Amino acid sequence: MIRTHADLMDLIGSAAFGGEPRLMRDKADFAPAFWDLRSGLLGELTQKLTNYGLTLHLTGDFGAEAAGSRALHDFFVETQRTGPIKLETPIP
């Protein structure tokens, strides 16, 4: 489960140095606190993905998380258009 800075580095490292520019993960692979923007982890992940030219495709329903945080909702909407994180189920 991804819940710390070190976990992020392992995720990015395995993709960046493994030659696979597209990561596939499920929402359940991340600790619930990961989706709290105040933790900084989601922002850090986004930056690392961008720096290394990687894309993260996420499966799972993020509707409840997006409904509970306007900032997270806006983050998901924006990253769907221009960012390195793609959701299998788009946020309306």
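The shown structure was predicted, so the numbers you read here are calculated from the model rather than taken from an experiment.

Cut-offs used in this document
- Residues numbered from 1 in each chain as written.
- Predicted model: local features only at pLDDT ≥ 70, side-chain atom pairs only at ≥ 80, totals over all residues.
- Heavy atoms only, no water.
- Core = buried A, V, L, I, M, F, W, Y, C linked by side-chain atoms within 4.5 Å.
- Buried < 20%, exposed > 50% of the residue type's maximum accessible area, 1.4 Å probe, protein only.
- Helix = DSSP H or I, 4+ residues; strand = E, 2+ residues; numbered from the N terminus.
- Contact = heavy atoms within 4.5 Å.
- Pairing = 2+ DSSP bridges.
- Axes fitted to C-alpha atoms, helices over the stretch in contact; angles between N-to-C directions.
- Phe/Tyr/Trp six-rings, centres within 6.5 Å; stacked < 30°, edge-to-face > 60°.
- pLDDT = per-residue confidence, 0-100.

Caption draft 1: Spatial organisation of the nonpolar core. Core analysis: the largest hydrophobic core is formed by 24 residues, its most contacted members being Phe30, Phe34, Trp35, Leu45 and Phe76. Looking at this core, the elements that each hand over two or more residues are helix H1 (5-16), helix H2 (41-52), strand E2 (55-59), helix H4 (70-82) and strand E3 (85-87). Those residues in contact with Phe34 that lie beyond four places of it in its chain are Ile2, Leu8, Ser39, Leu41, Leu42 and Leu45.

Caption draft 2: Here's a closer look at the environment of Ile85. Within the secondary structure, Ile85 is located in strand E3. For Ile85, a relative accessible area of 0% puts it in the buried group. Distance in space between the C-alpha atoms of Ile85 and Leu23 is 9.5 Å, their sequence separation being 62 residues. Apart from residues lying up to four places away in sequence, Ile85 is in contact with Leu42, Leu45, Thr46, Leu49, Leu56, Leu58, Phe75, Thr79 and Gln80.

Caption draft 3: Representation of the sheet that holds E3. On the basis of which strands lie adjacent, the open sheet formed by three strands has the order E1-E2-E3 and parallel pairing. The sheet is open, and its two edges are formed by strand E1 (22-26) and E3, each paired on a single side. Each adjacent strand pair in this sheet contributes to an overall mean axis angle of 25°, direction not counted. Across five bridges, the pairing between E1 and E2 is parallel. Note on E2: the bridge partner recorded for Met24 is His57.

Caption draft 4: Seen up close, the environment of Leu42. Summarising the element assignment, Leu42 is placed in helix H2. Owing to a relative accessible area of 1%, Leu42 belongs among the buried residues under this scheme. Separated by 33 residues in the primary sequence, Leu42 and Phe75 have C-alpha atoms spaced 9.7 Å apart. Ignoring anything within four residues of it in the chain, the contact list for Leu42 reads Phe34, Trp35, Leu37, Leu72, Phe75 and Ile85.

Caption draft 5: Expanded view of the packing of aromatic side chains. In total, this model carries seven aromatic pairs according to the counting rule given. Ring plane angle 80° and centroid distance 5.0 Å describe the contact between Phe34 and Trp35, whose orientation is recorded as edge-to-face. Owing to a relative accessible area of 1%, Phe34 belongs among the buried residues under this scheme. Assessed through its relative accessible area of 6%, Trp35 is described here as buried.

Caption draft 6: The confidence of the model for the chain, seen in detail. On average, residues of the chain score 91 in pLDDT, and 100% of them are at 70 or above. The secondary structure element of the chain with the lowest average pLDDT is H1, at 88, and the one with the highest is E2, at 94.

Caption draft 7: Broad picture of the side chain of His73. In this fold, His73 is placed in helix H4. Apart from residues no more than four positions distant in its own chain, His73 is found in contact with Ala66, Ile91 and Pro92.

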